[in-house]
2 protein chains.
Amino acid sequence: MAPVDFGTDPGRYRHLRLEIDGEIARIVIEADEQGGIAPGYELKLNSYDLGVDIELHDAIQRLRFSHPQVRAVVLTSGLDKVFCAGANIRMLAQAGHAQKVNFCKFTNETRNAIEEAGADSGQAYLAAVNGNAAGGGYELALACDEIIMVDDGSASVSLPEVPLLAVLPGTGGLTRLVDKRNVRKDLADVVATRSEGVRAKTALEWGLVDAIAPPSKFGQTVLDRAQAAAARSRRAPGGPGIELTPLDRQVSDEGLRYPNVTAGIDRAAGLVTITVHGPRTEAPASMAGAREQGAAFWPLAATRELDDLILWLRTNETELGTWLIKTSGDAAAVLGHERLLAGAAGQDWLAGEIRHFAKRTLRRLDVTSRSLFALIEPGSCFAGPLLELALACDRQFMLNGQWNGDLAPHASTDPGPATIVLSAANFGAFPMSNGLSRLASRFPGDPGRVAKLEQQAGRPVEAGEALDLGLVTFAPDDLDWDDEIRIACEERASLSPDALTGMEANLRFAGQETPQTKIFGRLTAWQNWVFTRPNASGPKGALRRYGTGQAGVFDRNRA
Amino acid sequence: MAPVDFGTDPGRYRHLRLEIDGEIARIVIEADEQGGIAPGYELKLNSYDLGVDIELHDAIQRLRFSHPQVRAVVLTSGLDKVFCAGANIRMLAQAGHAQKVNFCKFTNETRNAIEEAGADSGQAYLAAVNGNAAGGGYELALACDEIIMVDDGSASVSLPEVPLLAVLPGTGGLTRLVDKRNVRKDLADVVATRSEGVRAKTALEWGLVDAIAPPSKFGQTVLDRAQAAAARSRRAPGGPGIELTPLDRQVSDEGLRYPNVTAGIDRAAGLVTITVHGPRTEAPASMAGAREQGAAFWPLAATRELDDLILWLRTNETELGTWLIKTSGDAAAVLGHERLLAGAAGQDWLAGEIRHFAKRTLRRLDVTSRSLFALIEPGSCFAGPLLELALACDRQFMLNGQWNGDLAPHASTDPGPATIVLSAANFGAFPMSNGLSRLASRFPGDPGRVAKLEQQAGRPVEAGEALDLGLVTFAPDDLDWDDEIRIACEERASLSPDALTGMEANLRFAGQETPQTKIFGRLTAWQNWVFTRPNASGPKGALRRYGTGQAGVFDRNRA
């Protein structure tokens, strides 16, 4: 199968229309039945597959960057009597376990991006549920800030996954019912076991939607609420939109190469070495200078490339289980760019958007089911926002001292000893999905320690001190470095990928939980389990048998 | 196979010794290698199976009720150089999926009981790690309030599940490392992937243990710390211990019968109907009167029976997927007993212990993977603490009005309409493992609603009002009752048990999370998933191959 490409643009959409009308945008879903990303199924009733979701992901992103005047987004369907039927069931039934899990993860991230657009960027989403919203279709609405439902005597919202497919509403549905919309658990139980769903009046009464309107008033009600949301928006001002030009991604057997990010692949070892290259120039003096650079502005360009690389590797390279993460370049230039953005955030939408995008990309890394090792070497630039990359990793290896003697394999000139630099960026600017900074989550229950680290901000810290401060795991010297990294990678490659995934998912999120962490931890873990069970995915399982006219056959043992 | 019986007493222990010395008790584990609860494995190196854990569970409970003078408990091993090797691997390898999951759940509950003994009852546990503590052995120590480790140059603490078995340290290990002991995630990653574990000095440095001592000083160090813990204990005073006499449990094809709890089984429908009978007499005037009744005192007796029944059904009746929960008796007598206990708690250890036990039993119900429906009928006594039973359920059905006409199937005399009674017990006395009352978790994000309900305490509430207050899900009248319950049960029985388990686990815990909910939600869910994966449990999986001399063969795809 051809690799999945997450890059697209509105000119190439097959499933969505993106309409802009002043402060209000509309994303209209009208899935091309014949436009599935893989053969074997038709996207009837606005059901979606990864291809539809890639377009949705792209549309959300472009609204933030290319349409800064938009202050509210209406998400609706172009079909009559149908909002969205959720994930395509035949697609799910034919997908392998890793494909299902990966698809659900990206879908969840895209739903979170909808919520974050409202919370962070003053682009609130309103689901205009103009017909049946079933399963993932209702979950898509649940991710919006408001749900307006047509009351036409037939439209329903439903979560039929449990009764029809023997799987969970795993794209946030169960969590968002009780933890976002505060629906009572017993009513949520009824909703999630009633395949025919709930019509408008009961949906409003139970808190499943925010407003209902008869067909004759539906359009105006949606518009009124969208205008009200736009009026409430605190979107920062700034200049015109930035065009998100196509990424320059070169793929070869050896890896991937973008202007600011490279990835070297070692298939035999199951390794990929990712290097983020720092800015080649100093930061512009103001956001006006950043705007002139457009999509080439380093923080935006590097984040786009890294985000694309994460998605590419997660989806297309599932046997590369360990990612080594490096940086290369000038720490001062990294910090200079971050200072520009931090200073302008709040008054300039572009500065805010770039930082929120970096936050989402780091969160994507946090939930990536790969072992992540940071390699902090001489010549690297793990400073401020790039230090977050290292802190997101499962382990941090930092070279103690300088390369000794034979520089050839590592660097052409001696860059001096490896250092890391803490900055304000590490103390809350890029919170994890649990709402904590990566340092707070690294030192759980020890806020005093984090406060002390804050006093070290701005100063290059060498390996010995970084080890003492608890910022790195190991600090071998030049003599031991290659062996120690090699052994760690070989050890990792010898372990069960499933056990590592489960272990990493549990260790990465110390501290408080939020709906997002509940979705990726609790809900997703249960969904992954249910997906593997014969009652869903076995030859007689309900997911496999759906649509055949035969019911699923269940082992009745409760586990 | 004979059903598993969770009842035991120290006279029958095969694996533990319980030693009492004034304020300090010792639980000494010395597993009888030939004493496994099932054939096929030997309990070498203090490895444990369900039988060992049943004894541990019994010992913890008896210390609280029968040895009230105890203020600190030392948990140690009777073997030389070995503390505990964790769950027996051959036992795990030969167990079916439901058995593994059930075993882990009970083990987790028993670990939580250790923590709760310190937090609630002034009986702090100290793990005296006198030799290797591996896997579940170290997880057992992690559940204690303090860990003292011998520094003899060879003893180690380790979590070798991932590297040796391709499963997780799923008995709280990963969660307790980062969320209880605040171990840095990168160090936790090293611990959980290094099969040989960590010796004493590094264990202390990384926060894996609280103190270390050379062999010559180990015993005294443990004793000193136990005495210090006893001195800090705020265990309430009171009279002598209560003997926990053997339960009177009658098992037949039709179900189970205890003096205060009955369970009727309908195998064809996959149903069990549990009825908790209220007190037959008024509450005694004081705790002295309760002491005279001993283990027959209703709140203690009924809780013991319900707890035993939950364990029995969970373990021995895995195909009975729906539990209908009823009560029968006098609400005033229920509330009278609770008033006595609530008034004395804090000054009287027995009153406190009974309520903490009820809290643990309700929590056991919260994590039980069965569909739970409360049936609130005329003649029931869902008041105060027994109302918590209904609130723990996934749905609450309450009969609106009285039985009409033919009373025979339901009651011999007309008890009047069904009512429920809120009391102080429903507003924080029996918190769920998320730290919230069941009402707070029922109305997440709406504390005002809970405060308003508090004003209704003490007053019988009939079905119509209960529905309006959101305390019950449905309130059919006599004409519809039987059909509505039958249809709900048939619907439930038609659904996939796995999907229901996952759904219920996600809906029952709205609101904040705690280490306990993380263990049962996040960690357990991932462990269940890992258990089902071929890399662990397939014919070439590491768990199945352990000890054969052959390494596990892994599918390297990351899911």
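As the structure is a computational prediction, the values presented were derived from the model and not from experiment.

Conventions we followed
Residues numbered from 1 in each chain as written. Chains lettered and ligands numbered in written order. Predicted model: local features only at pLDDT ≥ 70, side-chain atom pairs only at ≥ 80, totals over all residues. Heavy atoms only, no water. Helix = DSSP H or I, 4+ residues; strand = E, 2+ residues; numbered from the N terminus. Buried < 20%, exposed > 50% of the residue type's maximum accessible area, 1.4 Å probe, protein only. Contact = heavy atoms within 4.5 Å. Areas by Shrake-Rupley, 256 points an atom, 1.4 Å probe, with all protein chains shown as cover. Lys, Arg positive; Asp, Glu negative; His and termini not counted. Charge placed at Lys NZ, Arg CZ, Asp CG, Glu CD. Least-squares fit on C-alpha atoms with pLDDT ≥ 70 in both. Axes fitted to C-alpha atoms, helices over the stretch in contact; angles between N-to-C directions. Parallel < 35°, antiparallel > 145°, perpendicular 65-115°, else oblique. Left-handed = near helix turned anticlockwise from the far one by under 90°. Nonpolar A, V, L, I, M, F, W, Y, C, P; charged D, E, K, R; others polar. Pairing = 2+ DSSP bridges. Phe/Tyr/Trp six-rings, centres within 6.5 Å; stacked < 30°, edge-to-face > 60°. Lys NZ or Arg CZ within 6 Å of the ring centre and 35° of its normal. Buried area = accessible area lost by both parts, 1.4 Å probe. Salt bridge = Lys/Arg side-chain N within 4 Å of Asp/Glu carboxyl O. pLDDT = per-residue confidence, 0-100. Polar contact = N/O pair within 3.5 Å; in protein donor to acceptor, adjacent residues only side chain to side chain. Core = buried A, V, L, I, M, F, W, Y, C linked by side-chain atoms within 4.5 Å.

K.L.:
Lay out the overall build of chain A with the relevant residues and their values.
P.N.:
Within chain A one finds 22 helices and 22 strands. On the principal axes, the C-alpha backbone points of chain A span a range of 75 × 55 × 45 Å. Relative to its 559 residues, chain A shows a buried fraction of 64%. Considering only contacts in chain A between residues 6 or more positions apart, those separated by 24 or more positions represent 74%. In the form shown here, chain A has an accessible surface area of approximately 19,400 Å², with 50% of it arising from carbon and sulfur atoms. Across chain A, 58 positive and 70 negative side-chain charges occur, with their mean positions spaced 7 Å apart.

K.L.:
Describe the relation of the copies chain B and chain A, and please don't skip the residues or the numbers.
P.N.:
Least-squares fitting of chain B to chain A yields an RMSD of 0.0 Å, with the transformation described by 0.0 Å of translation along the axis and a rotation of 180°. Considering both components of the superposition, the chain copies are consistent with a two-fold axis.

K.L.:
Give me the lowdown on the packing of helix 3 (residues 97–121) of chain B against helix 11 (residues 298–316) of chain B, citing residues and values where you can.
P.N.:
Residues and elements named next belong to chain B. Contact pair helix 3 / helix 11: the axes reach a minimum separation of 10 Å and the direction vectors enclose 155°. Judged by the inter-axis angle, helix 3 sits roughly antiparallel to helix 11. For the element pair helix 3 and helix 11, the recorded crossing hand is left-handed. For the pair helix 3 and helix 11, contact is made by N102, K105, F106 and E109 and by L311, R314 and T315, respectively. Of the residues assigned to the contact of helix 3 with helix 11, the class counts are two nonpolar, two polar and three charged.

K.L.:
Before we move on, could you go through the sheet that holds strand 8 (residues 132–134) of chain B and cite the residues and values that matter?
P.N.:
Residue and element names in this part refer to chain B. Overall, mixed pairing links the four strands, which are arranged 5-8-10-11 in an open sheet. Only two strands of the sheet have a single partner each, and these edge strands are strand 5 (82–84) and strand 11 (198–199). Sheet topology places strand 8 next to strand 10 (residues 156–158); two bridges connect them, and they run parallel. Residue pairing across strands places A133 opposite V157, the latter belonging to strand 10.

K.L.:
Go over the packing of aromatic side chains, please, and point to the residues and values.
P.N.:
Taken as a whole and assessed by the stated rule, the structure comprises 14 aromatic pairs over all chains. Judged by centre distance (6.0 Å) and plane angle (70°), the rings of F65 of chain A and F357 of chain A are edge-to-face. In this pair, F65 of chain A is assigned in helix 1 (residues 50–66) and F357 of chain A in helix 13 (residues 349–366), connecting sequence segments 292 residues apart. By the burial criterion, F65 of chain A is buried, and F357 of chain A matches it. For the ring pair W403 of chain B and W481 of chain B, a centre distance of 6.3 Å and an interplane angle of 75° mean the geometry is edge-to-face. You can see W403 of chain B sitting in the loop between strand 20 (395–398) and strand 21 (419–421) and its partner W481 of chain B sitting in helix 18 (residues 478–494), a full 78 residues away along the chain. In terms of burial, W403 of chain B and W481 of chain B fall into one category: buried. Counting every residue linked through ring pairs, the aromatic cluster contains F373, F397 and F474 of chain A. Here R111 of chain A stacks its cationic end above the ring of Y48 of chain A, 5.3 Å away from the centre of that ring. The ring of F531 of chain B is capped by K100 of chain B, whose NZ or CZ atom sits 5.5 Å from the centre of that ring.

K.L.:
For the interface of chain B and chain A, give the residues involved together with the corresponding values.
P.N.:
Contact residues are listed per partner, giving 84 residues for chain B and 84 residues for chain A. Between chain B and chain A, the buried area comes to about 8,000 Å², and carbon and sulfur atoms account for 55% of it. When the buried surface of chain B facing chain A is broken down by residue, K185, R522 and R558 of chain B rank first, second and third, together holding 13% of it. There are 14 salt bridges connecting chain B and chain A. D189 of chain B is paired through a salt bridge with R492 of chain A; the nearest N and O atoms lie 2.7 Å apart. The element that contributes the greatest number of residues to the side of chain B that touches chain A is helix 20 (residues 515–532) of chain B, accounting for twelve residues. Classifying every residue of the side of chain B that touches chain A by side-chain character gives 38 nonpolar, 24 polar and 22 charged.

K.L.:
Explain the sheet that holds strand 18 (residues 371–376) of chain B to me, and be specific about the residues and the numbers.
P.N.:
Strand-to-strand pairing in sheets goes through backbone hydrogen bonds, with the strands running parallel or antiparallel. All names here are of chain B. The mixed open sheet is built from seven strands, whose spatial order is 13-14-15-16-17-18-20. Two strands bound the open sheet, and with one partner strand each, they are strand 13 (250–252) and strand 20. Across the sheet, the mean angle separating the axes of adjacent strands is 20° when strand polarity is ignored. With three bridges connecting them, strand 13 and strand 14 (residues 255–257) associate as antiparallel partners. Along strand 14, the bridge assignment pairs Q250 with R257.

K.L.:
Please set out the confidence of the model for chain A residue by residue, giving values where relevant.
P.N.:
Per-residue pLDDT for chain A has a mean of 96; in total, 99% of the residues score no lower than 70. ipTM for the predicted complex: 0.95, alongside a pTM of 0.96.

K.L.:
Go over the side chain of T327 of chain A, please, and point to the residues and values.
P.N.:
Residues and elements named next belong to chain A. As for its placement among the helices and strands, T327 is situated in strand 17 (residues 322–328). Note on T327: relative accessible area 6%, which makes it buried. Among the polar contacts listed, one links the side chain of T327 to the backbone nitrogen of C381, at a separation of 2.9 Å. A distance of 3.4 Å separates the side chain of T327 from the backbone nitrogen of F382, its partner in a polar contact.

K.L.:
Explain the environment of R545 of chain A to me, using residue names and the numbers behind them.
P.N.:
Residue and element names in this part refer to chain A. You can see R545 is positioned in helix 22 (residues 542–545). In this view, R545 contacts P539, K540, Q550, A551, G552 and V553; residues no more than four positions away in its chain are not counted. Only 2.9 Å separates the side chain of R545 from the backbone oxygen of A551, close enough to count as a polar contact.

K.L.:
Kindly report on the pairing of strand 15 (residues 261–266) of chain B, identifying the contributing residues and their values.
P.N.:
All names here are of chain B. Taken together, the three bridges between strand 14 and strand 15 define a ladder with antiparallel strand orientation. Looking at strand 15, one finds that G255 is bridged to G264. Counting the residues that bridge the hairpin from strand 15 to strand 16 (residues 271–277) gives four residues, and of these G270 lies at a positive phi of roughly 70°.

K.L.:
Got a sec to walk through helix 6 (residues 173–180) of chain B? Specific residues and values, please.
P.N.:
Within helix 6 of chain B, seven of the eight residues are buried, which leaves the element mostly enclosed by the surrounding structure. For helix 6 of chain B, every residue scored as buried is listed here: G173, L174, T175, R176, L177, V178 and D179 of chain B. Residues of helix 6 of chain B that are buried make contact with helix 19 (497–507) of chain A together with helix 3, helix 4 (136–142), helix 7 (185–191) and helix 20 of chain B. Phi turns positive, to about 60°, at N182 of chain B, one or two residues after helix 6 of chain B.

K.L.:
Explain the nonpolar core to me, using residue names and the numbers behind them.
P.N.:
Ranked by size, the top nonpolar core spans 222 residues in total, and within it Y138 and L208 of chain A together with Y138 and L208 of chain B carry the most contacts. Not counting chain neighbours up to four residues away, the residues in contact with Y138 of chain B comprise A133, I147, V157, S158, L159, L177 and L208 of chain B.

K.L.:
Describe the pattern of salt bridges, naming the residues involved and giving the relevant values.
P.N.:
Applying the stated criterion across every chain, the model contains 96 salt bridges over all chains. Where R17 of chain A meets E30 of chain A, a salt bridge forms, and the shortest distance between an N and an O atom there is 2.9 Å. With R17 of chain A in strand 1 (residues 16–21) and E30 of chain A in the loop between strand 2 (24–29) and strand 3 (47–48), the pair connects residues that are 13 residues apart, well separated along the chain. Measuring nitrogen to oxygen at the nearest pair gives 2.8 Å for the salt bridge that ties D179 of chain B to K518 of chain B. With a gap of 339 residues between them, D179 of chain B in helix 6 and K518 of chain B in helix 20 connect regions that are remote in the sequence. For K518 of chain B, a relative accessible area of 4% puts it in the buried group.

K.L.:
Describe in detail unusual backbone geometry, supporting the description with residues and values.
P.N.:
Positive phi outside glycine occurs at N182 of chain A, with the angle close to 55°. Tracing the sequence through the fold places N182 of chain A in the loop between helix 6 (173–180) and helix 7 (185–191). You will see that L45 of chain B, though not glycine, has its phi angle at about 55°, which is positive. Checked against the element boundaries, L45 of chain B lands in the loop between strand 2 (24–29) and strand 3 (47–48). The class of L45 of chain B is exposed, set by a relative accessible area of 52%.

K.L.:
Go over the pairing of strand 17 of chain A with me, naming the residues and quoting the values.
P.N.:
All names here are of chain A. Across the seven residues that make up strand 17, a large majority, five, are buried. Pairing of strand 16 (residues 271–277) with strand 17, which is carried by seven bridges, proceeds in the parallel orientation. Residue pairing for strand 17: L271 is matched across the bridge by T322. As paired strands, strand 17 and strand 18 (residues 371–376) are joined by four bridges and run parallel to one another. Within the sheet, the bridge partner assigned to W323 lies in strand 18 and is L372.

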